[in-house]
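For reference, the chains in residue letters:
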Amino acid sequence: MRFVIQRDYLLQSVQDVMKAVTSRTTIPILTGIKIVATEDGVTLTGSDSDISIESFIPRVEDDKEIVEIKQTGAIVLQAKFFSEIVRKLPTSTVEIDVENHLQTVIRSGKSEFNLNGLDAEEYPHLPQISEENAFRIPTDLLKALIRQTVFAVSTSETRPILTGVNWKVENSELICIATDSHRLALRKARLETEADGKHNVVIPGKSLTELSKILDDTAAMVDIVVTENQVLFKTKHLLFFSRLLEGNYPDTARLIPNERKTDVVVNTKEFLHAIDRASLLAREGKNNVVKFSTIDGNSIEISSNTPEIGKVVEEIQTQSVEGEELKISFSAKYMMDALKALEGSEIQISFTGAMRPFVIRPLNDEAILQLILPVRTY
Amino acid sequence: MYPKNGRVILHVDMNSFYASVEMAYDSSLKGKPLAIAGNPEERRGIIVTCSYEARNLGVKTTMPLWEAKKLCPDLIVKTPNFDRYRAASVAMFDLLRQFSNLVEPVSIDEGYVDLTDSQELGSPPAIAEMIQKQIYDQLDLPCSIGIAPNKFLAKTASDMKKPMGITILRKRDVPSVLWPLDVEQMHGVGKKTAEKLKGIGINTIGDLSTSNEIQLKALLGINGVRLKERANGIDPRPVDPDSVYDFKSIGNSTTLPRDTSNQQELLKVLEKLAEQVVVRMKRKQVVTTIIGITIRYKNRKTITRSQKLENPIARQKEIYEAAKRLFHRNWDGEPIRLLGITATGLQELDSAVRQLDLFSYEKEAEKEPLLNTMSKLQDKYGKKIIGSASSQINQVPNSKSTKHDTSFNKDFLQDKKSIVSRKKDY
């Protein structure tokens, strides 16, 4: 194998596939990046067996030559060293040359590295996925879906299924739900493609976070293929495979309250900043909890009291407060996470009692919803 | 005599406290070899304290009773009587408080006194003599006192002359007095730490005083740096009268009457330990966020395991369940000699909160109408007007369950402060 490649393209691809490579793997060869050169271009692969990423660098793009293939072939190079080498090479072109069997030479300008490679034949095959059940969504929408839900997944392994995001496709609609059992994030999106397929899967939160990092904010479409135990995200030059979580995701639809006893409409930013200020003292204490109370017809009070530090009270003008008066305490962190995930300048918060979950939505937008469970004092 | 700069700290250490209290109580015991030990039939037959007469014959703390009897056939053995010791301790600290406001009880039988602002009472050695004499005259109890510019040196000094000694240790004495000593003899250095230190060639306190700070920090963390400071006679810790209230953990353990691997029996012991821990937590008005267990096997191999909980807990059942989970996960089935439960990550009851769970909140929410009514009543008439039954019973001063223990907890040292208002609904 021998080729000369533009360093910037190589670096971008290496950085993308590195998202899947970990040093803590039970399969030693997975600490490497697989590099395959064909007549069409160069393909890089990284995997930790949960996530696999394949990045393709075409020989020519926009009439510009990116790779000059001198001899086809394949090699696996230690990811840790290879990525650092590529990052630090002196000139804008790189030659990669596998000399005798596994000895690999990386040349750039006057610098020359000799790396011991591994046999590419030993590298595990990526899952074979038939692309029958595909649906498509724009990249920027996909990124928004992830951003607005993935923060709410559980980080504890007590209920492994909650470490993933539940994706449901039904009637040309995608519904993403994440909950750690203390808060829940839900986001719906219409699928423009005539997807008649029905899916109900759970994608590990970590996979979605990594995926989101390597996607650009473009309107280009991403093809999504769901199988029984894998999901594949496919863009022009990128394949992203993730294992799915096994098990049934709890039915959360019935847990989201429909009725409401107190409804508050408030400016998102003002509310977020007030919570942030109130939690300034609270987060220094042992739990980051703020108290929310309705006062008279049109305002609310946010307060927190940390005995060893001090207390803070702030009144906020609302657009409206309707229904029963209410005092409720909740985690400032959960509230800020939820508010940051919402779009829209006004939000509506619907309560059904001090010890029941409450729902936050942008005003007049049914596509997204954040739910938070309050805390109760002893 | 009073130093112009710096502090004057006393460390008052009661001499063989339990034994001395027994002698004060029954003067016929005076001058005789006396040991306080647990009940040998329950295998708690270990010497907790003994009088100097017994010590002279080689009897030592933690020695099994049978061994002590061999050394000293006339040994008088008494089981501990904590009510007596507690009363004597309270009286002793009250007496110390007459000399300074800054009295910090460390345990039932020792404490620090900051005399920096007590010039008008006399010179530090004169005050120390007065304290020692008054404790002896009024309570019939002997003590040793260390006088020094800081806590570490004071504690070291009080150890130098026993019983009834008064020792002054100045910073300038450190090189001649402390540095030649084996590092294991330094306060704050246990067996394990000493082993580690010797592993890097630190054998004496002098070696420690000139050791490499980075290496120490790598070996022992921040504590290593502190130890080095102390080896140089530096210890900035203030005498803090409230430190006894900053309890970090509440733990109870018990040696089983016999080694057992009978799971049912062991779980019963855990259940009982959970109850003891809960009684103490209630007295301190706290909830716990981390539960730990200790398992000591027949061969004395000891493991401790702990788990951070999602929500703070305070009920016996919850603590038992958490301990049981840890036990099942960590017990290898071998016979067990001792079991313990420790609650850490303690939070005050009135500032602790429970995060409700999406999948179980409905159970909690059922109580909402009741809690609403209670909070309305409290708003109107004050917090004490109503609370759950358990919030009303935590005044029980000292539980009977301490009767069989050989160890002692210093919860009672807090009683002076228990005027803090009783908390609301729990």
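Residues numbered from 1 in each chain as written. Chains lettered and ligands numbered in written order. Predicted model: local features only at pLDDT ≥ 70, side-chain atom pairs only at ≥ 80, totals over all residues. Heavy atoms only, no water.

An unreviewed UniProt entry lists chain B under the name DNA polymerase IV, from Mesobacillus persicus. Under the UniProt heading Catalytic activity (unreviewed entry), the note attached to chain B is "DNA(n) + a 2'-deoxyribonucleoside 5'-triphosphate = DNA(n+1) + diphosphate". (UniProt positions renumbered as here; feature names shortened; annotations may be inferred.)

Going by what an unreviewed UniProt entry lists, chain A is known as Beta sliding clamp and is assigned to Mesobacillus persicus. UniProt, in its Sequence similarities (unreviewed entry) section for chain A, records the words "Belongs to the beta sliding clamp family." The Subcellular location (unreviewed entry) comment attached to chain A in UniProt states, word for word, "Cytoplasm".

**Concerning helix H2 (residues 79-88) of chain A**
Residues and elements named next belong to chain A. Listed in full, the buried residues belonging to H2 are Ala-79, Phe-82, Ser-83, Ile-85 and Val-86. The buried residues of H2 occupy one face: seen down the axis, they fall within an arc of 160°. Exposed and oriented more than 90 degrees from the buried face of H2 are Lys-80 and Lys-88. The elements touched by buried residues of H2 are helix H1 (7-18), strand S2 (32-37), strand S8 (73-78), strand S9 (93-98), strand S10 (103-108) and strand S11 (111-116). (Buried < 20%, exposed > 50% of the residue type's maximum accessible area, 1.4 Å probe, protein only. Helix = DSSP H or I, 4+ residues; strand = E, 2+ residues; numbered from the N terminus. Arc of directions from axis to C-beta. Contact = heavy atoms within 4.5 Å.)

**Here we look at the side chain of Thr294(A)**
Residue and element names in this part refer to chain A. Looking at the element boundaries, Thr-294 is found in strand S21 (residues 289-295). Under the relative-accessibility criterion, Thr-294 is labelled buried at 12%. Polar side-chain contacts of Thr-294 include one of 2.9 Å to the backbone nitrogen of Leu-326. Residues within four places of Thr-294 in sequence aside, it is in contact with Thr-262, Ser-299, Ile-300, Val-321, Glu-325 and Leu-326. (Polar contact = N/O pair within 3.5 Å; in protein donor to acceptor, adjacent residues only side chain to side chain.)

**Considerations on the interface of chain A and chain B**
When the parts of a complex come together, some accessible area is lost, and that lost area is often used as the size of the interface. If you look at the interface, chain A gives 28 residues, while chain B gives 26 residues. For the pairing of chain A and chain B, the buried interface totals around 2600 Å² over both sides, and the portion due to carbon and sulfur atoms is 57%. In this assembly, chain A and chain B are joined by zero salt bridges. Linking chain A to chain B there are five residue pairs in polar contact (both at pLDDT 80 or more). Mapped by element, the contributors of at least two residues to the side of chain A that touches chain B are strand S25 (327-331) and strand S29 (375-377) of chain A. Considering each element in turn, the side of chain A that touches chain B owes the most residues, three residues, to S29(A). Looking at the side of chain A that touches chain B, its residues break down into 15 nonpolar, eight polar and five charged. (Buried area = accessible area lost by both parts, 1.4 Å probe. Salt bridge = Lys/Arg side-chain N within 4 Å of Asp/Glu carboxyl O. Nonpolar A, V, L, I, M, F, W, Y, C, P; charged D, E, K, R; others polar.)

**Here we look at the sheet that holds strand S28 (residues 368-372) of chain A**
All names here are of chain A. Strand order in the open sheet made by the nine strands is S16-S13-S14-S15-S28-S27-S26-S20-S24, with antiparallel pairing throughout. Both outer strands of the open sheet, strand S16 (199-204) and strand S24 (320-323), are each paired with one neighbouring strand and no more. Ignoring strand direction, the axes of neighbouring strands in this sheet form an average angle of 15°. Looking at chain direction, strand S26 (residues 346-351) and strand S27 (residues 358-362) are connected through four bridges and run antiparallel. Among the inter-strand pairings, Ile-347 is bridged to a residue of S27, identified as Pro-362. Across the face of the sheet, helix H6 (residues 332-341) comes into contact with strand S15 (183-190), S26, S27 and S28 while running at roughly 180° to S28. (Pairing = 2+ DSSP bridges. Axes fitted to C-alpha atoms, helices over the stretch in contact; angles between N-to-C directions.)

**Details of unusual backbone geometry**
Residue and element names in this part refer to chain B. Of the consecutive residues Lys-162 and Pro-163, the connecting peptide bond is found in the cis state with omega at -10°. Tracing the backbone through its elements, the reader meets Pro-163 in the loop between helix H6 (151-158) and strand S8 (166-168). You will see that Ser-16, though not glycine, has its phi angle at about 30°, which is positive. Overall, Ser-16 belongs to the buried group, its relative accessible area being 7%. Positive phi, normally seen in glycine, also occurs at Asp-140, with a value near 65°. Along the polypeptide, Asp-140 turns up in the loop between helix H5 (124-139) and strand S7 (143-148). Note on Asp-140: relative accessible area 25%, which makes it partly exposed.

**So, the packing of aromatic side chains**
Residue and element names in this part refer to chain A. Taken as a whole and assessed by the stated rule, the structure comprises 12 aromatic pairs over all chains. Measuring from ring centre to ring centre gives 5.9 Å for Trp-167 and Phe-233, while their planes differ by 85°; the resulting arrangement is edge-to-face. In this pair, Trp-167 is assigned in strand S13 (residues 164-170) and Phe-233 in strand S18 (residues 230-234), connecting sequence segments 66 residues apart. Of the two residues examined, Trp-167 and Phe-233, each falls in the buried class. Note on Phe-351 and Phe-358: the rings are 4.9 Å apart at their centroids and 40° apart in plane angle, and the pair reads as tilted. (Phe/Tyr/Trp six-rings, centres within 6.5 Å; stacked < 30°, edge-to-face > 60°.)

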